[in-house]
Amino acid sequence: MSFLFGGRPQVSSEQKIAQAEAEIDMVSDMYNRLVQSCSKKCIDSAYREADLNKGESVCLDRCVAKFFEVNVKVSEKMQGEAQQKQGGGMFGM
């Protein structure tokens with residue numbers, strides 16, 4: 001009933017669990033894409049040493065930084081577009 005008076009509706013435990021599971025899936029997917037992309041770009045498939053060499057290490061560091069930078073920019077862009085659609089939906093006609 002609180003939503004009738006301007007409050008937010010209560011979210012059930014099942015909904016919270018579903019949201020948490022969806023968030024875990026998204027983070028896991030992002031991590032897997034990051035590992036796949038940066039490994040393919042920076043690490044030779046024919047392993048010569050057990051440890052990363054300096055070039056591979058630097059490449060991975062830069063790749064991960066760029067991946068996160070692009071991810072933040074895309075997220076900000078998508079949020080901006082979503083807000084424009086919500087705000088401009090009524091007045092855009």
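Conventions we followed
- Residues numbered from 1 in each chain as written.
- Predicted model: local features only at pLDDT ≥ 70, side-chain atom pairs only at ≥ 80, totals over all residues.
- Heavy atoms only, no water.
- UniProt positions renumbered as here; feature names shortened; annotations may be inferred.
- Salt bridge = Lys/Arg side-chain N within 4 Å of Asp/Glu carboxyl O.
- Buried < 20%, exposed > 50% of the residue type's maximum accessible area, 1.4 Å probe, protein only.
- Helix = DSSP H or I, 4+ residues; strand = E, 2+ residues; numbered from the N terminus.
- 1 Å grid on protein atoms, 1.4 Å probe; cavity = no way out; pocket = protein on both sides within 12 Å on 5 of 7 lines; lining within 4 Å.
- Points joined across faces, edges and corners; volume = space filled by probe spheres on them.
- Nonpolar A, V, L, I, M, F, W, Y, C, P; charged D, E, K, R; others polar.

In the annotation of an unreviewed UniProt entry, the protein is listed under the name Mitochondrial import inner membrane translocase subunit and assigned to Delitschia confertaspora ATCC 74209. According to the UniProt record, the Subcellular location (unreviewed entry) comment for the protein reads "Mitochondrion inner membrane".

Peer 1: Report on the pattern of salt bridges, specifying residues and quantitative values.
Peer 2: Pairing of side chains with opposite charge becomes possible as their charged atoms draw close. Considering all chains together, one arrives at four salt bridges under this definition. Between Arg48 and Asp44 there is a salt bridge, and its shortest N-O distance comes to 3.1 Å. Arg48 gets classed as exposed once you look at its relative accessible area, which sits at 70%. Between Lys73 and Glu69 there is a salt bridge, with the nearest N and O atoms lying 3.4 Å from each other. Within this pair, Lys73 and its partner Glu69 are both found in helix H2 (residues 54-88), separated by four residues, close to a single helical turn.

Peer 1: Tell me about the layout of surface pockets, and name the residues and values.
Peer 2: The calculated volume of the largest pocket comes to roughly 240 Å³. Among the secondary structure elements, those contributing two or more residues to the lining of the largest pocket are helix H1 (13-42) and H2. The element contributing the most residues to the lining of the largest pocket is H2, with seven residues. Among the residues making up the lining of the largest pocket, the classes are represented as seven nonpolar, two polar and two charged. Considering only enclosed or pocket space, the second largest pocket measures out at about 150 Å³ in volume. In this structure, the second largest pocket is lined by Ile43, Asp44, Ala46, Tyr47, Arg48, Glu49, Ala50, Asp51, Leu52, Asn53 and Glu56.

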